[in-house]
Amino acid sequence: MTLSDLIIDIFLNPWFLLSMVFWGIVGLSSYLLRKKKDAAIVFFPLLALFKTKKLNNFILKISKKAPRFWRIFWTIGIFISFGFTIFAFFFFFINLINLITNPRIENAVTPLIPGVTVSLPIFMYLIIPILFVMTTHEFAHGIAASTDGVEVKSTGVLGAGFFYLIGLGAFVEVNERELNSSKFHRNTRLRIASAGTFVNATTAGIAFLLILNFSFLISPFYGPQLYQVDTVLTEEQGGFNEGNLDPGDVIRAVKKKGSHEDFYNFDRYRTLNTVLENHTHRIKVSVGDELTLKIYRPRTGKYEEKDINLGPRYNIGFLYEYASDTELKITYIYSKEEGGNNYNEKLEEGLIITKINGSYINVGKGKTLEKYLTHYNLTKMKLTSKDGKNYYLDVELDGVRIGILTKLYWMPKNDLSKLLGGSFPDFLIRELIWLWIIAFSITIFNMMPLPIFDGDRVVKELVKWGVGEKYIKTRKKKERIWYKKGENDYPLSEYRVEKVDSIKIIMKDQSKTRLGIEGQSEIQVSENKYSLKDTIGDGFKSTVAFDFPEETTLPDNSLIEVSYEYLHDEKKRQKKMILNTIRIIALVIIAANFILSFFLLGAVTFWI
């Protein structure tokens, strides 16, 4: 591939175009919100985040409707979510053992990356489930916080990726400083931390039940699940009924041509495959038979009868693809245990075939293996490789085929279902399946004790609870903060501040800067210009409040150094060591799953 071809492929890639549209909308929104402080935060090309307070009242209103119910609900969530932490460790550990001892495709753990591990058409099915799971997850945190009186600072939406858009979602920003203080009990922090995962687990459970009862749920609107013709294969593609059937035809029933018996109607258990595989006593079929199909045409709403031919379906013992118009490549050879009939003919995966029974392959001219396999009464065939070597293979009759590609179609019962179309239930079941996969996957991943995950917060609180606290001695600390015009209160990183020793304003020395010398000057702030405040309401002072005059000439983003003494938790180091040990174990297990999945199983196009 030339450089120009590569550039064209990049710029014409649908995901590139979609990402361009996304960042264009981000740019326009950022411009329109430029006068609103902190309303839009953009780190192009990694992250775009838009904040608002308009949903805060909505979250507060929900939490106040039944506070007792919500408190019990979120408390139950603590136990359920921690149960998933234990299960997640078990799941990833057992999966890792299986990857080492017997790697199979179902053990692959692969991140969901649009355009890389999942194609754009499939990702279209994922957008609604992802948005639903992320939004309900964040709203759960917000409702749990509001129920226990923790301030919800803002809500918003975000988009993330590396120029290429990877994911969209919502977020709820709570007052973390207030939440982590002694003002609130650990149970409040546990309820808030586990709320999102609890809702995800609940979503996964509901989606699973809906999938199991899907036919019953849609029965008021749709009848039996049928087959709709998607493609009628030509003779060169291995078909037998070009001109007999049309794309869009819905196959409702079947009988043998000329038979006086009633049509064999399809439903959930009686399908077209049961007929073609001779699993019914009503109709027995063989190669060369003709069937009459009862057809429904959705566009016209009419019913017709059409006659079709049944051709042979052969077992040739291998899978293949066309490497070019004149070359066929063998991609997989079935073993004896898999029912292969040519496993001992010295075929190799990757073998290039150029002739079939002495005739050159030419897809453009219709000389294909598929067309060859439409012949009746085949028992042998000769394949010739690119290097001229001949392979004499067995060809076994394995049943009958129509030569069509089909998709599922649900028979509409009323005007609403006709309006939605017979393919809507198929779309709906796909959405439910992906909703279950995504909700369950996020539940497991999110409860692992790793930074930024909710599981880390839950485990952290449990470690703090188990080890306890011991505040006896004070320690000294220096902390630097940035001055912002109009702001007088600056929270410190420690919560239990005893006293401030000194505060300095560090400024660049302009006289030295003019001479080309890097320098700075320090201004000592007098004690009457600042004070310690308890802005959280937990009984401890942890915020420095400055009393600068409104006309101060102190430049924006000036550096302020605060030296202070605070009560130190003597057990902090012990708790940190335990938590970091758990984090490292979790990280090693998950990283090993990802790495082994990639190296042993290659690029996998699904998530968990």
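A brief look at the structure comes next.

Reading the values: rules and limits
- Residues numbered from 1 in each chain as written.
- Predicted model: local features only at pLDDT ≥ 70, side-chain atom pairs only at ≥ 80, totals over all residues.
- Heavy atoms only, no water.
- Helix = DSSP H or I, 4+ residues; strand = E, 2+ residues; numbered from the N terminus.
- Rg over C-alpha atoms; globule rule 2.2 N^0.38 Å.
- Buried < 20%, exposed > 50% of the residue type's maximum accessible area, 1.4 Å probe, protein only.
- Contact = heavy atoms within 4.5 Å.
- Areas by Shrake-Rupley, 256 points an atom, 1.4 Å probe, with all protein chains shown as cover.
- Lys, Arg positive; Asp, Glu negative; His and termini not counted.
- Charge placed at Lys NZ, Arg CZ, Asp CG, Glu CD.
- Expected span 1.5 Å × (residues − 1).
- Axes fitted to C-alpha atoms, helices over the stretch in contact; angles between N-to-C directions.
- Parallel < 35°, antiparallel > 145°, perpendicular 65-115°, else oblique.
- Left-handed = near helix turned anticlockwise from the far one by under 90°.
- Nonpolar A, V, L, I, M, F, W, Y, C, P; charged D, E, K, R; others polar.
- Pairing = 2+ DSSP bridges.
- Patch = residues over 30% accessible without salt bridge, like charges linked within 9 Å, V, L, I, M, F, W, Y side chains within 5 Å.
- Salt bridge = Lys/Arg side-chain N within 4 Å of Asp/Glu carboxyl O.
- Phe/Tyr/Trp six-rings, centres within 6.5 Å; stacked < 30°, edge-to-face > 60°.
- Lys NZ or Arg CZ within 6 Å of the ring centre and 35° of its normal.

Turning our eyes to something else, we now look at the overall build of the chain. When helices and strands are tallied, the chain shows 15 helices and 25 strands. Over its C-alpha atoms the chain spans a radius of gyration of 34 Å, topping by over 25% the 25 Å that the globule rule assigns to 608 residues. For the chain, the spread of C-alpha atoms along the principal axes amounts to about 105 × 60 × 50 Å. By residue count, 42% of the 608 residues in the chain fall in the buried class. Taking all contacts inside the chain whose residues are at least 6 apart in sequence as the whole, residues at least 24 apart take part in 70%. Carbon together with sulfur atoms contributes 59% to the accessible area of the chain, which is approximately 34000 Å² in total. Seen as two clouds, the 76 positive and the 65 negative side-chain charges of the chain have centres 5 Å apart.

A few words now on helix α4 (residues 67–101). Here α4 spans 50 Å end to end across 35 residues, near enough to the 51 Å set by a 1.5 Å rise per residue. Within the sequence span of α4, burial applies to W70, W74, G77, I78, S81, F84, T85, A88, F92, N95, L96 and L99.

Here E327 lies in strand β12 (residues 327–333). Owing to a relative accessible area of 17%, E327 belongs among the buried residues under this scheme.

Between two packed helices, both the angle of their axes relative to each other and the distance between the axes serve to describe the pair. Orientation of helix α7 (residues 186–212) relative to helix α13 (residues 454–467), taken along the N-to-C sense of each, is 155°, at an axis distance of 8 Å. With respect to their mutual orientation, α7 and α13 come out roughly antiparallel. The way α7 lies across α13 gives a crossing that is left-handed. Here α7 contributes R186, R189, L190, A193, S194 and T197 to the contact with α13, which in turn contributes D454, R457, V458, E461, L462, K464 and W465. Of the residues that constitute the contact of α7 with α13, the class distribution is five nonpolar, two polar and six charged.

Time to look at the sheet that holds strand β24 (residues 543–546). Across the sheet, which stays open at both edges, the three strands sit in the order β20-β24-β23 with antiparallel pairing between neighbours. The sheet terminates laterally at β20 (489–491) and β23 (530–533), the two strands that pair on one side only. Across the sheet, the mean angle from the axis of one strand to that of its neighbour is 25°, orientation sign disregarded. Alignment of β20 against β24, held across three bridges, turns out to be antiparallel.

On the surface, K460, K470, K473, R475, K572 and K576 cluster together to form a positively charged patch. Looking at the positive patch, the elements that each hand over two or more residues are β19 (471–482) and α15 (572–601). Note that K572 resides in helix α15. Taking the relative accessible area as the measure of exposure, K572 reaches 42% and is therefore partly exposed.

Another point: the packing of aromatic side chains. On inspection of all chains with the given rule, the structure shows 28 aromatic pairs. Between W436 and F440 the ring centres are 5.7 Å apart and the planes differ by 5°, which places this aromatic pair in the stacked class. Taken together, the positions of W436 and F440, both in helix α12 (residues 424–446) and four residues apart, correspond to about one turn of that helix. The exposure class assigned to W436 is partly exposed, which follows from its relative accessible area of 30%. A relative accessible area of 23% means that F440 is categorised as partly exposed. Taken together, the ring pairs connect F84, F87, F91, F92, F208, W436, F440, F445 and F594 into an aromatic cluster. The ring of Y471 carries the charged tip of R496 above its face, separated from the ring centre by 3.8 Å.

What follows deals with the pairing of strand β15 (residues 380–385). Where strand β13 (residues 352–356) lies against β15, three bridges are found, and the strand directions are antiparallel. By the bridge assignment, I353 is partnered in β15 with S385. Where β15 lies against strand β16 (residues 390–394), five bridges are found, and the strand directions are antiparallel. Considered in β16, the bridge of K382 is made with Y392. With antiparallel pairing between neighbouring strands as the criterion, β15 and β16 make up a hairpin whose turn holds four residues, including G388 at a positive phi of roughly 90°.

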